[in-house]
Number of protein chains: 4
Amino acid sequence: MLLGRESDETSSVSLTSIHPQLSGLPNADSLKIRDFNWSQLSRGGIDILFLATPHEQSQKWASYALQYGMKVVDLSAAWRLQEDSNRAIYKLENNSEIQALQKTAVYGSPELHGPAIAAAQLIANPGCYATSIILALAPLLRANMVDLNIGIIADAKSGVSGAGKALTHSNSFMYAADNLSAYAVFGHRHTGELLEQLNLTSGQIQFTPHLLPIPRGILSTIYIRLNEPGSIKSIQDIFDEFYASSPMVRVRRSPALPQIQHVVRTNFCDLGFQLSPDGKRLVVISCLDNLLKGASSQAVQNMNLMAGWHETEGLL
Amino acid sequence: MLLGRESDETSSVSLTSIHPQLSGLPNADSLKIRDFNWSQLSRGGIDILFLATPHEQSQKWASYALQYGMKVVDLSAAWRLQEDSNRAIYKLENNSEIQALQKTAVYGSPELHGPAIAAAQLIANPGCYATSIILALAPLLRANMVDLNIGIIADAKSGVSGAGKALTHSNSFMYAADNLSAYAVFGHRHTGELLEQLNLTSGQIQFTPHLLPIPRGILSTIYIRLNEPGSIKSIQDIFDEFYASSPMVRVRRSPALPQIQHVVRTNFCDLGFQLSPDGKRLVVISCLDNLLKGASSQAVQNMNLMAGWHETEGLL
Amino acid sequence: MLLGRESDETSSVSLTSIHPQLSGLPNADSLKIRDFNWSQLSRGGIDILFLATPHEQSQKWASYALQYGMKVVDLSAAWRLQEDSNRAIYKLENNSEIQALQKTAVYGSPELHGPAIAAAQLIANPGCYATSIILALAPLLRANMVDLNIGIIADAKSGVSGAGKALTHSNSFMYAADNLSAYAVFGHRHTGELLEQLNLTSGQIQFTPHLLPIPRGILSTIYIRLNEPGSIKSIQDIFDEFYASSPMVRVRRSPALPQIQHVVRTNFCDLGFQLSPDGKRLVVISCLDNLLKGASSQAVQNMNLMAGWHETEGLL
Amino acid sequence: MLLGRESDETSSVSLTSIHPQLSGLPNADSLKIRDFNWSQLSRGGIDILFLATPHEQSQKWASYALQYGMKVVDLSAAWRLQEDSNRAIYKLENNSEIQALQKTAVYGSPELHGPAIAAAQLIANPGCYATSIILALAPLLRANMVDLNIGIIADAKSGVSGAGKALTHSNSFMYAADNLSAYAVFGHRHTGELLEQLNLTSGQIQFTPHLLPIPRGILSTIYIRLNEPGSIKSIQDIFDEFYASSPMVRVRRSPALPQIQHVVRTNFCDLGFQLSPDGKRLVVISCLDNLLKGASSQAVQNMNLMAGWHETEGLL
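For every chain, the first residue of its written sequence is number 1, and the numbers climb from 1 along that sequence. Each chain gets a letter, beginning with A, and each ligand a number, beginning with 1, in the order they are written. With pLDDT at 70 or above as the cut-off, local features in this predicted model cover only qualifying residues; side-chain atom pairs require 80 or more to be listed or tallied, and sums for whole chains, interfaces and linings still use all residues.

J.: Would you mind going over the relation of the copies chain D and chain C with me for this structure?
T.: The operation relating the two chain copies consists of a rotation about an axis and a shift along that axis. A least-squares fit on C-alpha atoms brings the copies together, and the residues used are those whose pLDDT is at least 70 in both copies. Its rotation angle being 180°, the transformation that places chain D on chain C also includes 0.0 Å of axial translation and leaves an RMSD of 0.0 Å. Taken together, these values place the two copies in the relation of a two-fold axis. Distance from the rotation axis, computed per C-alpha, reaches its smallest value in chain D at Ile150(D): 2.9 Å.

Structure representation (structure tokens):
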């Protein structure tokens, strides 16, 4: 069931009138996006509700949905951050009720929080940049391999769809095409997710996003100094073991590296790395599709876990 | 005068038969690319010879040209590196004569070596990536501001023309379009230029190139830890003073940052920076056109200096 | 089963070593591309053989496969053309045996020749441009609506993958990006397919291909003068009725028009049209993905028909 | 002098604050875009005024400027069309004063109306599509070679900058990239320019624009049936003679054809053609940069003629 605006009127539009590219696919032509109101919804029939709404709306609507007994997968940033200091950038409301609900929210990274996701009522679906960087770093940080005095550099590059559908100067063709630009250099909103999920302080990681002249895909180049000189095999083992039960993360054999074309239109996050000859410096490359593993298909992966289905159901 | 192959035959082709886009420009249609032999060339008439030839050819031909009293601007890497360890990657010949000549070669970075270029017989025109990174770092390193124990990260991204004209998989449209990939992660050939020109050891700088899905342009994102917390003003002053007499470097006012569209089809290198709130970490962005400031128009800039003309002659 | 080179050795490579983007998909990592020889193949187990081989190879191998009792779907042009005059451009061999086999080949356009495909041993899978133009014109020509004294103009534009995987100047990034060029203006090889499938003489249709700076997709703009002034409804009805049982052709409601983004990565051919105010001139726009409906997925559609499965099996 | 808004205040912004890519060019950094009012402007000092303003503004301001003794080159469509039926699409005002002024306006196609431009007070700078099609057809129509009973097809493709700077869905990166779409099929606003400049009726030419996924450049593919079978030489001679004194039109030798890369960032219009083997059908390809020969640099070319300077002054 596809829901549009909250409204007392009962109007609807067909899905394929808005997305004609979906016409002819099974059932697509009969699907409607319909106005809804909460009293109708509350009468049941919905087990899991996806919210792909602005942060403020998600904050309000998640509460409603939970009250009515639905589980929620929220694709906004409304519920991703536990620390007020990290949430401040979104200028969301804050009160004791919201704080209580926030504590129940699980960050929807299936590779990190699978069991908690399966048991959760409210999933905060991760940011696209955050997913690419967290999946690259979690194995190394948990293994205590990273020299955090030196700090981590995450130089990330994203296609234009990462900027959303609103018409802006920077997602116009004439700005983005044949161009590359850095933005939000010391202040991207996904930084808080990195800090909380990776247990880092803000001086320990620096994240710089760039706007790529392509429709979709993220590549993050991550620079790490190791606590002790390592070997290719030891690093490879750490990644392999960490993701041994994670069908949506593909770990490449060093020196092979991921590239954006390999992940676009998939739910995979691809990881690869190379080690400096002296074994001290590590470059990890992480690639995913910002619209899929970075958003909608990761939400489906979370739904699968919540529903007790196989994690990859509908995703391969 | 445009020279093609070394040959005893005296054949030629018109420039515009190969580059029809130049037809109709002043004098273009009468220009010929002609076969040549050194005995003809030696009879005089050439003051400065540009070599846009493979490294091996440049090594041989520069010697000839110098013997015949020409000055040389060589766009290959044959003469850029003084240290054998840095030259090894190019597998060039090495003997005492070449070593002697190498010592006379001046690295053609007008902003760093203006007076030496003006007096030189042999200019080694810099690499494209190297130019973008060297110009970003030289002011800060000379001012002793960079914490070299932490080391510098240079994450660089280049358009496809940087890969040359040979038909390869990685410069095919189907590979490069809608893609981004890292390559030569710990071993790009331009690294030696960075080390020599910036007086760094290989552990002090890490340079990772990426292939952008655009025809031309380089953007380098450079991560620096400062020895002492700095202020925006102090950093801005250092760049402004260093490049006060350099018409081809444009220093942006922080927080404004360069982007590739601003430099494409110009001889400018644009520099901009942002400083972390605690004043300890600096991100410098450097942009240029790899075919111009990164190659041919920087060669013209060097010629201007060698000929005693204004540095920007023909370039604005 | 994936076959590579004909060879007496029994070597193989894994599919995902060549196409790492497929890794992690069901069964993909265990798939091998293996050398083969005909004596092994002849021992059975293969019902339908796809040939994605050069024309000359397809000509030879299709004969072998048919002798061994396999059905063949050939993606080359070896078997598409019945007229020697149209075949000449491919410089294929010609003898009485080949001619006899040619007569049994069915042109694999499921929307035109469904029953014949279902009964065929040898399918000549259509060209990409040809598919887009034939599907746009067949309904109108069968309804005798086109003024053939005036003639038809088919101005077609294709993404770079249409040019194949060989490394050539025209499919290099530097040639194709930010460019558009016409080629093969009066002599594209797909013209013969248009003439035979649409029963036209060479003066009655003019087809001009262009190279688009995108990876995939074809859009053909087709200009038709009508025998009698028509109405939007009458034209719409003709398309709707002709494709009423064709799940892979989507007919848009005029004035809506197809565009390349709507068909890329699908097996659909989208058709739309607009009529001049005086009802005499018609513009039909036809879009498809040259790698799918223009090649591989149309081959699967043909296989479905040959095997008695639903036409869309595996394609939606 | 660069003028911005009409205003009583005397404020200004620097050119390079809006277009930082121009910084460092001669004089650019001191140039201001300043508010203006007509009483100031009327005091003299302006010989020729360029108007790059909306149609309605151009209609009003051109009158003012002419009253104050300035010559005007207007880049809008306000003054391009003499026939009310052709002007209707722009919904401009119409009264006897405007009609009188319209009669004095000269269509700024230097290749067609050079002497009239030199003598004019008011130049209507042509549309980009119109320029590409008119220059391709004028020689053939004046030579009476075109079979107008069959009619002309002009299938034109333009980069995104042709759509202007307003933020719209169709010039967003996500719509335009990797796409191609036809639009305004039987009703593009430039049609009137074609009819008037080429003396055609609306049934004699059909013009279909398409949106290309590139920043700039137009390629028009034009289909012509000849009155009498022609020879390559005869067609080549007609183009060569017609443009013998036109330095900004480059006529290619058949079968060479123009392509967009050859004209981008130039004021050239490139023309090329191929003839069918029977000599009856002609395809003419016309390329130009929609922002230059299709707009601003053609305006400069017109200024040069009005000022008595060489046509190419500042343009090569």
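J.: What's the story with the relation of the copies chain B and chain A in this structure? I'm lost.
T.: Overlaying chain B on chain A yields an RMSD of 0.0 Å, the required transformation being a rotation through 180° with an accompanying axial translation of 0.0 Å. What counts as a contact here is a pair of residues whose C-beta atoms, placed from the backbone, lie within 7 Å. The fraction of interface residues of chain B whose copies in chain A are also interface residues reaches 100%, indicating that both copies meet through the same surface.

J.: Whenever I open this one, the domain arrangement of chain A confuses me. Can you help?
T.: Interfaces are often sized by the accessible area lost when the parts come together. All names here are of chain A. With domains assigned, chain A is organised as domain 1 (37–125 + 296–307) and domain 2 (128–288). Domain start and end points were adopted from an automatic or database domain assignment. Each of domain 1 and domain 2 was reduced to a C-alpha centroid, and the two centroids are 25 Å apart. The interface is formed by 15 residues belonging to domain 1 together with 15 residues belonging to domain 2. Elements with a contribution of two residues or more to the side of domain 1 that touches domain 2: α6 (110–119) and α12 (296–307). In terms of residue count, the dominant contributor to the side of domain 1 that touches domain 2 is α12 (three residues). Each residue is assigned to one class: nonpolar for Ala, Val, Leu, Ile, Met, Phe, Trp, Tyr, Cys and Pro, charged for Asp, Glu, Lys and Arg, and polar for all the others, Gly among them. For the side of domain 1 that touches domain 2, the per-class residue count stands at six nonpolar, six polar and three charged. Note on conventions: DSSP H or I runs of at least 4 residues are helices, E runs of at least 2 residues are strands, and numbering of each starts at the N terminus.

J.: So what exactly am I meant to see when it comes to the sheet that holds strand β1 (residues 2–6) of chain A here?
T.: Two pairing modes exist for strands in a sheet, parallel and antiparallel, and in both the strands are linked by backbone hydrogen bonds. Residue and element names in this part refer to chain A. Spatially, three strands are ordered β1-β3-β2 in an open sheet, and the strand pairing comes out mixed. In this open sheet, the two edge strands, each paired with only one partner strand, are β1 and β2 (12–14). Neighbour to neighbour, the strand axes of the sheet diverge by 25° on average, direction disregarded. Sheet topology note: the β2/strand β3 (residues 32–36) ladder contains three bridges and is antiparallel. Looking at β3, one finds that serine 12 is bridged to arginine 34. A pair of strands counts as paired when DSSP detects no fewer than two bridges linking them. In this description, a line fitted to the C-alpha atoms serves as the axis of each element, helices being fitted only across the stretch in contact, and the angle between N-to-C directions of two axes falls anywhere from 0 to 180 degrees.

J.: Please explain the interface of chain B and chain A as it appears in this structure.
T.: Contacts between the two partners involve 29 residues from chain B, matched on the other side by 29 residues from chain A. Sorting the residues of the side of chain B that touches chain A by element identifies β8 (152–158), β9 (181–182), β10 (205–211), β11 (218–225), α11 (260–263) and β14 (281–288) of chain B as the ones contributing at least two each. Here the residues of the side of chain B that touches chain A sort into 16 nonpolar, nine polar and four charged.

J.: Quick question: what am I supposed to make of the packing of helix α7 (residues 128–142) of chain B against helix α10 (residues 232–242) of chain B here?
T.: Residues and elements named next belong to chain B. Two numbers describe how α7 lies on α10: the axes approach to 9 Å, and their chain directions differ by 110°. Relative to α10, the element α7 lies roughly perpendicular. Crossing of α7 over α10 shows right-handed handedness. Note on element contacts: α10 touches α7 through Ile238, Phe239 and Phe242, opposite Ala138, Pro139 and Leu140. Residues belonging to the contact of α7 with α10 are distributed by class as follows: six nonpolar, no polar and no charged. Angular relationships are summarised with four words: roughly parallel below 35 degrees, roughly antiparallel beyond 145, roughly perpendicular across 65 to 115, and oblique for the angles in between. Take the far helix as the reference: if the near one is turned anticlockwise from it by less than a right angle, the crossing is left-handed, and if turned clockwise, right-handed.

J.: Looking at this model, I keep getting lost on unusual backbone geometry. Mind explaining?
T.: Peptide bonds are mostly trans, and most non-glycine residues show a negative phi. Each neighbour pair has its own omega, and for Ser254(B) with Pro255(B) the value is 10°, a cis peptide bond. Along the chain, Pro255(B) turns up in the loop between β12 (249–251) and α11. Even without being glycine, Asn199(A) reaches a positive phi, approximately 55°. Along the chain, Asn199(A) turns up in the loop between α9 (191–198) and β10 (205–211). The phi dihedral of Arg265(C) falls on the positive side, at around 65°, and the residue is not glycine.

J.: It is not clear to me how the sheet that holds strand β11 (residues 218–225) of chain D should be interpreted in this structure. Could you clarify?
T.: All names here are of chain D. Taken in spatial order, the seven strands make up an open sheet running β9-β10-β8-β11-β14-β13-β12, and their pairing is mixed. In this open sheet, the two strands that pair with only one neighbour each are β9 (181–182) and β12 (249–251). Contacting β12, β13 (269–275) and β14 (281–288), helix α10 (residues 232–242) runs over the sheet at an angle of about 165° to β13.

J.: What should I look at first to understand the environment of Leu148(C) in this one?
T.: Examined against the element boundaries, Leu148(C) turns out to sit in the loop between α7 (128–142) and β8 (152–158). For the pair Leu148(C) and Arg87(C), spaced 61 residues apart in the sequence, the C-alpha separation amounts to 24 Å.

J.: Is there a simple way to explain helix α6 (residues 110–119) of chain B in this structure?
T.: Because each turn of an α-helix spans 3.6 residues, side chains separated by three or four positions in sequence point in the same direction. Residue and element names in this part refer to chain B. Exposure is read from a count of other C-beta atoms within 10 Å of each residue's own; the residue is exposed at 12 or fewer, buried at 20 or more and partly exposed in between. C-beta atoms are placed from the backbone. Of all the positions in α6, only Pro110, Glu111 and Ile117 are classed as buried. Along the axis of α6, the buried positions cluster into a sector of 45°, meaning they face one direction only. Turned more than 90 degrees away from the buried face of α6, the exposed residues are Pro115 and Ala119. Looking at the packing, one finds that the buried side of α6 touches β6 (106–107), β7 (122–124), α7, β12 and α12 (296–307). Directions are taken from the helix axis to each C-beta atom, and the arc is the one they span.

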